[in-house]
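Observations on chain architecture
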Amino acid sequence: MCGIIGYIGESSAAENLLDGLKNLEYRGYDSAGIALNDNNRLKIFKAAGKLNNLCQIIRTEPRENTVAECGIGHIRWATHGLPNLENAHPHRSADGNLALVHNGIIENYLELRKELSADGYHFTSQTDTEAIVHLIDRELKNGAGFEDAVQNAVRLLDGAFALGIVYRQEPDKLIAVKKNAPLIIGIGQHENFIASDIAALLGKAEKIVRMEDGEIAVIRRGEIKITDFAGKQVMRQPELLQLSAESIDKGGYKHFMLKEIHEQPGIIRALLADGLQIDTGSLRDFNRIEIIACGTSLHAALAAAPLFEDWCRCEVSVQPASEYIYKKQRTGADTLVIGISQSGETADTITALKQAQKSNAQVLVLTNRPDSSIVRYADKVITLQAGIEVSVAATKSYTAQLLRLYQLALALAKDKNFLSSEEISGLHNALRQIPVKIEEILAEEEKIKNVAKKYARFPAMAYIARGQQLPSAMEGALKLKEISYINACAYAAGELKHGPIALLDANMPVAAVLCRQAPTYAKTLSNCEEAKARKAPVIIFSDQIPQGNFDDIVLLPQNCEEFAPLTEAAALQLFAYFIADELGREIDQPRNLAKSVTVE
Ligand code: AGP
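A brief report on the enclosed structure follows. (Residues numbered from 1 in each chain as written. Predicted model: local features only at pLDDT ≥ 70, side-chain atom pairs only at ≥ 80, totals over all residues. Heavy atoms only, no water.)

Focus on the environment of Ala 245
Along the chain, Ala 245 turns up in the loop between strand 15 (239-240) and helix 6 (256-262). Classification of Ala 245 as partly exposed rests on a relative accessible area of 36%. A C-alpha to C-alpha distance of 16 Å links Ala 245 and Leu 17, two positions 228 residues apart in sequence. Dropping the residues within four chain positions of it, Ala 245 is found in contact with Leu 202 and Gly 203. (Helix = DSSP H or I, 4+ residues; strand = E, 2+ residues; numbered from the N terminus. Buried < 20%, exposed > 50% of the residue type's maximum accessible area, 1.4 Å probe, protein only. Contact = heavy atoms within 4.5 Å.)

Some words on the site of the ligand
The ligand sits among 15 residues. The nearest are Ser 297, Ser 341, Ser 343, Thr 346 and Glu 482. Contact distances for the ligand include 2.4 Å between an oxygen atom and a side-chain N or O atom of Thr 346. In the model, an oxygen atom of the ligand is placed 2.7 Å from a nitrogen or oxygen of the Glu 482 side chain. In isolation the ligand offers 410 Å² of accessible surface; the protein chains occlude 90% of this area. Going through the elements one at a time, helix 8 (295-312) and helix 15 (470-484) are the ones with two or more residues in the shell around the ligand. Here the shell around the ligand is built from residues that sort into six nonpolar, seven polar and two charged. (Near = heavy atom within 4 Å. Polar contact = N/O pair within 3.5 Å; in protein donor to acceptor, adjacent residues only side chain to side chain. Areas by Shrake-Rupley, 256 points an atom, 1.4 Å probe, with all protein chains shown as cover. Nonpolar A, V, L, I, M, F, W, Y, C, P; charged D, E, K, R; others polar.)

Here's the deal with the pattern of salt bridges
Think of it this way: side chains of opposite charge can pair up when their charged atoms draw near. Across all of its chains, the model carries 37 salt bridges by this definition. Between Asp 213 and Lys 178 there is a salt bridge, with the nearest N and O atoms lying 2.9 Å from each other. Taken together, the residues span a long stretch of sequence, with Asp 213 in the loop between strand 11 (207-210) and strand 12 (215-220) and Lys 178 in strand 8 (residues 174-179) at a distance of 35 residues. Given the relative accessible area of 28%, Asp 213 is considered partly exposed. Lys 178 sits in the buried class, given a relative accessible area of 2%. Here Arg 330 ties to Asp 334 by a salt bridge, and the two come within 3.4 Å at their closest N and O atoms. Here Arg 330 falls in the partly exposed class, since its relative accessible area comes to 49%. On the accessibility criterion, Asp 334 (40% relative accessible area) is partly exposed. Overlapping salt bridges bring together Asp 197, Arg 210, Glu 239, Arg 369 and Asp 371 as one network. (Salt bridge = Lys/Arg side-chain N within 4 Å of Asp/Glu carboxyl O.)

Describing the packing of aromatic side chains
Scanning the entire structure with this criterion turns up nine aromatic pairs. Summarising the aromatic geometry, the rings of Trp 311 and Phe 563 are spaced 6.2 Å apart at their centres and angled 75 degrees between planes, so their arrangement reads as edge-to-face. Here Trp 311 is found in helix 8, whereas its partner Phe 563 is found in the loop between strand 25 (552-555) and helix 17 (564-582), with 252 residues between them in sequence. Phe 563 shares its class with Trp 311; the two are buried. Their ring planes at 75 degrees and their centres at 5.1 Å tell us that Tyr 577 and Phe 578 sit as a pair that is edge-to-face. What makes Tyr 577 buried here is its relative accessible area of 1%. Overall, Phe 578 belongs to the buried group, its relative accessible area being 5%. (Phe/Tyr/Trp six-rings, centres within 6.5 Å; stacked < 30°, edge-to-face > 60°.)

With respect to the pairing of strand 21 (residues 460-465)
In terms of burial, strand 21 is a largely internal element, six of the six residues being buried. With respect to chirality, the unit in which strand 21 leads through helix 15 into the neighbouring parallel strand 22 (residues 487-492) is right-handed. Two elements, strand 21 and strand 23 (residues 510-514), share three bridges in a ladder whose sense is parallel. The residue of strand 23 that forms the bridge with Tyr 463 is Ala 511. (Right-handed = clockwise from strand over helix to strand, strands pointing away. Pairing = 2+ DSSP bridges.)

Topic: the sheet that holds strand 1 (residues 3-8)
Spatially, the eight strands line up as an open sheet ordered 3-2-4-1-10-9-11-15, and their pairing is antiparallel. The open sheet is flanked by strand 3 (41-48) and strand 15, the only strands paired with a single partner. As judged from the eight bridges shared by strand 2 (residues 31-38) and strand 3, these two strands associate in the antiparallel manner. Across the sheet, residue Ala 35 finds its bridge partner in strand 3, namely Ile 44. Each of strand 1, strand 2, strand 4 (70-76) and strand 10 (192-195) is contacted by helix 1 (residues 13-22), which is oriented at about 155 degrees to strand 2, the strand it contacts most. With respect to the sheet, helix 2 (residues 51-60) is in contact with strand 2, strand 3 and strand 4, its orientation differing from that of strand 3 by roughly 135 degrees. (Axes fitted to C-alpha atoms, helices over the stretch in contact; angles between N-to-C directions.)

Laid out in structure tokens, this is it:
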């Protein structure tokens with residue numbers, strides 16, 4: 001997590017850095033800071049908390065103090081050290097000549113700290129980053145030039161790091177370093193940028209150069225020189241930046257999350273029209289599938305897994321990436337490993353896939369960011385084409401993941417000949433109805449809002465479901481806790497009576513997700529009655545009005561059991577959204593969370 005940005009050009013570095021950071025804020029919002037390198041003055045401005053606090057400081061600063069055409073900026077998601085001013089980036093050397101921003105984690109920072117302290121360096125923060133500044137400073141004091149000092153220092157670092165560095169004595173230069181953390185260079189008119197993500201370059205750069213791991217870029221206003229850590233020059237052609245600034249605009253919605261929920265029918269329509277766009281023929285012979293993901297992406301995997309089992313007769317295991325890494329696996333050349341990651345930067349998933357690749361498994365990746373790090377570990381890539389998702393809570397990327405997994409399962413079932421062509425075309429027809437069904441839910445937004453408002457003041461909520469609906473309940477509960485901070489847990493409805501029922505009373509609403517076609521419909525409804533009997537308010541999300549006296553019913557369009565998670569998702573997303581909105585939460589940037597989780 002964390003986001004870094006750098007600017008060197010002919011206009012205001014401060015403005016460019018703050019603009020860029022605005023588009024990186026989803027990567028963290030514990031603190032923000034910039035360093036401006038003006039002729040002979042290296043000025044640092046930092047603020048704890050959101051970017052807005054920093055913007056206010058800059059706004060009230062006399063203009064002459066913020067004049068500079070070169071600088072670096074940072075948005076922090078705290079890993080080492082509290083989210084306070086001391087630990088905010090940029091970090092600087094004791095003489096104030098060097099400033100640095102960092103995204104990633106330095107694994108050997110404790111050893112480096114010890115060594116540097118023995119050399120007389122005094123640490124003023126608890127961060128791992130400060131060790132890097134002192135390392136470079138030590139090289140400079142030993143007589144190395146700026147570029148050599150950086151090169152010598154980064155060779156001593158273990159872990160993940162994307163760095164932006166400026167040096168007071170050389171204001172015509174910005175140095176960027178990349179290893180295991182995302183970093184790209186943006187090229188504009190007489191100006192160049194560095195950024196953790198393309199989002200920060202939209203409307204600024206016309207072309208980009210993707211840095212690879214183990215590279216250092218020395219960036220001037222009109223020149224970019226890239227070398228590896230050994231100093232060998234690397235030649236790379238710039239690519240056109242295809243995305244427009246509008247792709248990260250709220251488009252009149254109160255929050256990005258609401259806008260992104262509303263984008264879902266259009267995205268699904270486009271995905272259905274485009275098809276999978278990969279050749280699945282070579283995957284036909286796999287009978288073992290392991291799906292690896294985290295958070296919402298993991299829920300998409302859980303929802304789709306039964307279809308791979310049923311339609312493709314594969315043995316399927318779904319595992320959280322962070323668990324996969326440490327468990328004995330039987331992944332091998334006979335296994336198709338599917339990694340799912342919206343951002344493509346999730347460290348847990350990337351580490352797990354690296355491991356899977358070492359076991360000679362075939363790796364297929366589903367990601368919304370074909371430019372992200374995860375694709376390096378993939379034999380095949382399926383893109384979600386959901387457009388940039390700005391809200392930290394995933395919505396449109398979830399339904400795009402579901403859709404892509406359904407398309408994949410159908411393609412494999414066809415290749416393996418386990419479903420008849422009539423069955424396959426029937427399922428494709430059912431998928432084609434989905435966008436309209438989601439539109440019907442969105443048209444009922446006000447009704448869902450009115451139901452949601454009634455549940456905004458409860459301290460906790462239980463979600464229940466069975467079978468194919470259980471991942472929907474898990475995702476609904478995750479959405480609610482992420483953006484409203486209400487303690488929400490999902491339970492297999494049949495498990496309720498084995499323990500969680502002890503929690504139920506008039507202060508603990510139960511949200512039940514049901515599909516009329518599912519063989520478990522009646523049983524789940526009985527579990528709802530059991531909850532009612534304990535005085536728990538019960539909200540039913542179902543495609544059929546249930547018999548019984550429940551508190552609220554959110555009626556969904558009728559759907560087959562397999563694809564119902566798509567429509568259920570839209571309703572549960574809106575439900576969580578309106579509860580959070582009623583509570584006045586910062587919906588797009590919930591506390592403690594970041595969109596790209598680049599630490600394990
Ligand atoms: C979703 O709302 C969450 N922010 C989070 O669980 C997320 O899905 C998870 O961190 C995985 O992210 P990825 O899909 O980018 O790998």
